[in-house]
Amino acid sequence: MKTAFIFPGQGAQYVGMGMELYNYFNIISKIFNKTDEILKEDFVKLIFHGSDADIKKTENTQPAVLMVSTAISQLLMSEGIVPAMAAGLSLGEYSALVTANSISYEDALPLVRKRGQLMNEAVPAGRGTMAAILGLEEDKLLLCCETASELGTVIIANYNCPGQMVLSGDGKAVEKASQLAMEAGAKRVVPLSVSGPFHSPMLKTAGNALENELKQIKIKKPVIPVVQNVSAKPAVSGDEVRSMLAAQVSSPVRWEDCIRYMLSQGVDNFIEVGPGKVLSGFIKKIDKTVNIYNVEDSVSLKNVFNALKEVEQ
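Below is a summary of the structure that appears in this document. (Residues numbered from 1 in each chain as written. Predicted model: local features only at pLDDT ≥ 70, side-chain atom pairs only at ≥ 80, totals over all residues. Heavy atoms only, no water.)

**Thoughts on the sheet that holds strand 2 (residues 85-88)**
Read from one edge of the open sheet, four strands run 2-1-7-8, paired in parallel fashion. Each having just a single partner strand, strand 2 and strand 8 (291-295) make up the two edges of the open sheet. The mean inter-strand angle of the sheet, taken between neighbouring strand axes irrespective of direction, is 20 degrees. Examined bridge by bridge, strand 1 (residues 3-7) and strand 2 share four bridges and lie parallel to one another. (Pairing = 2+ DSSP bridges. Helix = DSSP H or I, 4+ residues; strand = E, 2+ residues; numbered from the N terminus. Axes fitted to C-alpha atoms, helices over the stretch in contact; angles between N-to-C directions.)

**Here we look at unusual backbone geometry**
A positive phi angle, near 55 degrees, is found at S90, a position not held by glycine. Its location among the elements puts S90 in the loop between strand 2 and helix 6 (92-99). Among the residues examined, S90 registers a relative accessible area of 13% and is labelled buried. (Buried < 20%, exposed > 50% of the residue type's maximum accessible area, 1.4 Å probe, protein only.)

**Quick notes on helix 11 (residues 238-248)**
Within helix 11, eight of the eleven residues are buried, which leaves the element mostly enclosed by the surrounding structure. All buried positions along helix 11 are accounted for by G238, E240, V241, R242, M244, L245, A246 and Q248. Close packing links the buried residues of helix 11 with helix 6, helix 7 (105-122) and helix 10 (204-214). (Contact = heavy atoms within 4.5 Å.)

**A word on the packing of helix 12 (residues 255-264) against helix 13 (residues 278-286)**
Relative orientation and spacing of two packed helices are given, respectively, by the angle between their axes and the distance between those axes. Their axes nearest at 11 Å, the elements helix 12 and helix 13 cross at an angle of 65 degrees. With respect to helix 13, the element helix 12 is oriented roughly perpendicular. At the point where helix 12 passes helix 13, the crossing takes the right-handed sense. Contacts from W255, E256, I259, R260 and L263 of helix 12 reach helix 13 at L279, F282, I283 and I286. Here the residues of the contact of helix 12 with helix 13 sort into seven nonpolar, no polar and two charged. (Parallel < 35°, antiparallel > 145°, perpendicular 65-115°, else oblique. Left-handed = near helix turned anticlockwise from the far one by under 90°. Nonpolar A, V, L, I, M, F, W, Y, C, P; charged D, E, K, R; others polar.)

**Re the packing of helix 2 (residues 26-39) against helix 7**
Packing of helix 2 against helix 7 leaves a shortest axis separation of 10 Å and a crossing angle of 60 degrees. Regarding the angle of helix 2 to helix 7, the classification is oblique. In the packing of helix 2 onto helix 7, the handedness of the crossing is right-handed. Contacts between helix 2 and helix 7 pair I31, K34, T35, I38 and L39 from the former with Y105, E106, L109, P110 and R113 from the latter.

**Remarks on the pattern of salt bridges**
For the coordinates displayed, the defined rule picks out eight salt bridges. The salt bridge partner of R242 is D239, with a shortest N-O separation of 3.1 Å. With R242 and D239 both in helix 11 and three residues apart, this pair spans about one turn of that helix. Owing to a relative accessible area of 57%, D239 belongs among the exposed residues under this scheme. The salt bridge involving E256 is made with R260; its shortest N-O contact spans 2.9 Å. Here E256 pairs with R260, and both are found in helix 12, just four residues apart, close to one helical turn. (Salt bridge = Lys/Arg side-chain N within 4 Å of Asp/Glu carboxyl O.)

**Some remarks on the nonpolar core**
Counting residues in hydrophobic clusters, the biggest one holds 66 residues, and the most contacted among them are F32, L66, M67, I72, L76 and I271. Element by element, the count of residues in this core is highest for helix 5 (residues 58-78), at nine residues. Here F32 is in contact with M17, G18, Y22, V44, F48, M67, V68 and A71, once residues within four sequence places are set aside. Counting residues in hydrophobic clusters, the runner-up holds 21 residues, among them C161, C258, V267 and I283. (Core = buried A, V, L, I, M, F, W, Y, C linked by side-chain atoms within 4.5 Å.)

**Comments concerning the sheet that holds strand 4 (residues 154-161)**
Strand order in the open sheet formed by four strands is 4-5-3-6, with antiparallel pairing between adjacent strands. Every interior strand has two partners, whereas the edge strands, strand 4 and strand 6 (188-191), have only one. Taking each pair of neighbouring strands and ignoring which way they run, the sheet shows an average axis angle of 25 degrees. Inspection of the sheet shows strand 3 (residues 128-134) paired to strand 5 (residues 164-170) by seven bridges, in the antiparallel sense. Paired with M130 across the two strands is S168, which belongs to strand 5. Sheet contacts for helix 8 (residues 138-148): strand 3, strand 4 and strand 5; angle to strand 4, the most-contacted strand, approximately 160 degrees.

Structure (structure tokens):
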């Protein structure tokens, strides 16, 4: 039995996430309280009792998701559930790297806050957007992007699972490519509520600025393999982690390939660690035969403990 932890990215957040576990487990409250100290503000109070608008601000979302995911992963490992591999979607890659002792939590927290600011500042508000395309083959969607690129930048930014990819780029170009995708046979187009064209070349300046931030912190080779978004392969050194994190901001997220790599390495249990079940849904479409769990509250935590005990027996 080989278990992988997978970590959600931006968009999974909600007001009150982690609060129940905070009240039950010292290891959770310790990490949450440490977050307040690192950020020098009442951050936990904001996440538990703030408004939806507050938690959706990128400078809050990114450290909040990292905090909840990191705390739950530490809880699982303290209970003997230790991953053989890890991966995270976009922002979630930082949670995976903290879990793998590649980046310290003290460094990762301000880093992801800065990452959010840099991503927001890279492109003027309203110029870029993203849209999920459901039920169309990759080659057809690439042709749609090629045709629409006369209106501006548009690329496939996320390869999430069979039948779901995400476009990113200039608003008009994404709109045109989405229209062409429907004409080419896509089942649905879902415009995403995002503040910019993430994982597209339009964020190259953000990636360059982030690289300077990454140079200021210590990054080690992960102690367990962390499968990277950009390459869909584990990092072999701290320097590679650094360069891949800088590139990740403006490069496509190859999530389906990341999962397929882990499957090829014998992973048969996936635990989504942190808010939501989006990644679990993607994995079900990639391979229906593997065990998929999520942990975000006491009920889902108990389900994982019970399920893994049964598997061990």
